[in-house]
2 protein chains.
Amino acid sequence: MDISAKTKDDQSPTAGGERLTKQKKVLAQIIDSSDSFQSAQDIFALLRARGENIGLTTIYTQLKLLAAQGGLDFMKSESGETLYRKCSTARHHHHLVCRGCGTTIEIEPPGFEEWADRVSKENHFYDISHVIEITGLCEKCFPRHSKY
Amino acid sequence: MDISAKTKDDQSPTAGGERLTKQKKVLAQIIDSSDSFQSAQDIFALLRARGENIGLTTIYTQLKLLAAQGGLDFMKSESGETLYRKCSTARHHHHLVCRGCGTTIEIEPPGFEEWADRVSKENHFYDISHVIEITGLCEKCFPRHSKY
DNA sequence: GTAATTGCAAAGGATTTGCTCTGGT
DNA sequence: ACCAGAGCAAATCCTTTGCAATTAC
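Each chain has its residues counted from 1, running along the sequence as written. The order in which chains are written sets their letters, starting at A; the order in which ligands are written sets their numbers, starting at 1. Under the rules for a predicted model, residues below a pLDDT of 70 receive no local features and side-chain atom pairs below 80 are neither given nor counted, while totals for whole chains, interfaces and linings still include all residues. With hydrogens and water stripped out, all remaining heavy atoms of the structure feed into the side-chain values.

1. Topic: the protein's contact with DNA strand D
Turning to step 1, where the next piece is worked out: The near set for a molecule or strand comprises every residue that places at least one heavy atom within 4 Å of it. Near DNA strand D there are 21 residues, and of these Arg19 and Gln23 of chain A together with Tyr60, Lys64 and Thr82 of chain B occur at the shortest range.
Turning to step 2, where the next piece is worked out: Taking the atoms of DNA strand D that fall within 4 Å of the protein, sugar and phosphate contribute 70% of them.
Turning to step 3, where the next piece is worked out: We call two N or O atoms a polar contact when they sit within 3.5 Å, provided that within protein one can donate a hydrogen and the other can accept it, with sequence-adjacent residues counted only if both atoms are side-chain atoms. Within the side chain of lysine 24 of chain A, a nitrogen or oxygen atom sits 2.8 Å from a phosphate oxygen of DNA strand D.
Turning to step 4, where the next piece is worked out: In this structure, a phosphate oxygen belonging to DNA strand D sits 3.4 Å away from a main-chain N or O atom of leucine 20 of chain B.
Turning to step 5, where the next piece is worked out: Going along the chain from the N terminus, every DSSP run of H or I of four or more residues is numbered as a helix, and every run of E of two or more is numbered as a strand. Among the secondary structure elements, those contributing two or more residues to the surface near DNA strand D are α1 (22–32) and α3 (56–68) of chain A together with α3 (56–68) of chain B.
Turning to step 6, where the next piece is worked out: Partitioning the surface near DNA strand D into residue classes produces 3 nonpolar, 12 polar and 6 charged. Here the term charged refers only to Asp, Glu, Lys and Arg, the term nonpolar to Ala, Val, Leu, Ile, Met, Phe, Trp, Tyr, Cys and Pro, and the term polar to all other amino acids, Gly among them.

Now the structure itself:
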């Protein structure tokens, strides 16, 4: 039971170095060449078909990693799969505004940008822009916050 | 191999009869008394804690059934669970508008209303209302749809 | 009595983990 | 050589299915 040498939380920034493997290149290429959302399984199947065999585990690991680093957008499909797509460059924030005192809180609808992109594309709309505005009364401005 | 008698798609309205079981009542009560989204597992745990033991399978079955009949709203959590909540009465539509010719297409951001409710509640905002506006150029109004 | 329903046990499907081997630098 | 990364096998988690026992009507 040697528990001494286990500095598991070695978060040294840009520590030793990240390695550019063949698998990473292939994945990067696939992600980059698609504008739509794909699941790890999708990519796995695609690669098998294409001849190149990369382990499912690796795909899962890399996609998750990339998403965590903010390099990929992701969302859940209705069937339960996690779908990934290259990051939408834009991405701005939206706000929750109190119509009483003007207090503003920054909010981020999960997957909204992606959804908007997709719906727009499905309907053949281009050069998109959007606005989300949620207004309400904050705690201080709300008459009498009995229940809730 | 008797495939004859299988009228599986027996959609006869109020056909033979649906049975009101103890389990269904309990579930209805639980769903009705909560304003937030809960997973089958959540409800299962809740019931165990409360003493009443209803099978997980039954909970899954009923929730899915109710959702299919439109009696429940549902969404996927980030962790992959399906969350259910009693139907929101309100619910209005939003639009995708072409700023060139004004063409309007009705759209429905999946889970947006629920999300807005939740974020608002989390930030202690009440008496909420919101607007979503996506504008763009439809196929006819877009200069030259080269790529995309 | 009879079909609808329950719920255990087991199957399924997505994703993660343990761990050893491989390959990048 | 050294360690990040690959990937097989097995484990997890949520959900569905098979099916015998139960129960509402």
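2. Points about the protein's contact with DNA strand C
Turning to step 1, where the next piece is worked out: DNA strand C sits among 21 residues. The nearest are Arg19, Tyr60, Lys64 and Thr82 of chain A together with Arg19 of chain B.
Turning to step 2, where the next piece is worked out: In DNA strand C, the atoms that sit within 4 Å of the protein are 64% sugar and phosphate, with bases accounting for the remainder.
Turning to step 3, where the next piece is worked out: Within the side chain of lysine 24 of chain B, one N or O atom sits 2.8 Å away from a phosphate oxygen of DNA strand C.
Turning to step 4, where the next piece is worked out: Listed by contribution, the elements that provide at least two residues to the surface near DNA strand C are α3 of chain A together with α1 (22–32) and α3 of chain B.

3. What about the sheet that holds strand β1 (residues 38–39) of chain B?
Residues and elements named next belong to chain B.
Turning to step 1, where the next piece is worked out: A sheet is described by the order of its strands in space; here 3 strands give the open sequence β1-β3-β2, paired in antiparallel fashion. A strand with exactly one partner marks an edge of an open sheet, and here the two such strands are β1 and β2 (72–76).
Turning to step 2, where the next piece is worked out: Note that β1 and strand β3 (residues 82–86) share 2 bridges and pair antiparallel. Residue glutamine 38 lies in a different strand from β3, and its bridge partner there is tyrosine 84.
Turning to step 3, where the next piece is worked out: Residue contacts are counted whenever heavy atoms from the two residues lie within 4.5 Å of one another. Axis definition: a line fitted to C-alpha atoms, over the contacting stretch in the case of helices. Angles run 0 to 180 degrees between N-to-C directions. Lying on the sheet, α3 is in contact with β2 and β3; it crosses β2 at an angle near 110°. The pairing criterion for strands is at least two bridges between them, as found by DSSP.

4. Side note on the nonpolar core
Turning to step 1, where the next piece is worked out: Among buried residues, those of type Ala, Val, Leu, Ile, Met, Phe, Trp, Tyr and Cys that are joined through side-chain atoms within 4.5 Å constitute a nonpolar core. Exposure classes here rest on a 1.4 Å probe applied to the protein chains alone. A residue is buried below 20% of its type maximum, exposed above 50%, and partly exposed in between. With 14 residues, the main nonpolar core has Phe112, Trp115 and Ile134 of chain A together with Phe112, Trp115 and Ile134 of chain B as its most contacted residues.
Turning to step 2, where the next piece is worked out: Secondary-structure elements contributing two or more residues to this core are α4 (112–122) and β6 (125–138) of chain A together with α4 (112–122) and β6 (125–138) of chain B.
Turning to step 3, where the next piece is worked out: In this structure phenylalanine 112 of chain B touches Phe112, Ile132 and Ile134 of chain A together with His130 and Ile132 of chain B, once residues within four positions along its chain are discounted.

5. Looking at the confidence of the model for chain A
Residues and elements named next belong to chain A.
Turning to step 1, where the next piece is worked out: On a range of 0 to 100, pLDDT expresses the predictor's confidence in each residue. Here chain A averages 72 in pLDDT, and 57% of its residues register 70 or above.
Turning to step 2, where the next piece is worked out: For chain A, per-element mean pLDDT is lowest for strand β4 (residues 94–98), which scores 66, and highest for α1, which scores 93.
Turning to step 3, where the next piece is worked out: Across residues 1–14, confidence stays below pLDDT 50; counting only partners more than four residues off in sequence or on other chains, it has 0 contacts.
Turning to step 4, where the next piece is worked out: Low pLDDT, under 50, characterises residues 143–148; the stretch is placed with 4 contacts to residues that sit more than four places away or in other chains.

6. Examining the packing of α1 of chain A against α3 of chain A
Residue and element names in this part refer to chain A.
Turning to step 1, where the next piece is worked out: At a minimum axis separation of 11 Å, α1 and α3 run at an interaxial angle of 65°. With respect to the hand of their crossing, α1 and α3 are arranged in right-handed fashion. Seen from α1, the contacting residues are Gln23, Lys24, Leu27 and Ile31; seen from α3, they are Thr58, Ile59, Gln62, Leu63 and Leu66. Crossing handedness is defined as follows: a turn of the near helix away from the far one that is anticlockwise and smaller than a right angle gives a left-handed crossing, while the clockwise case is right-handed.

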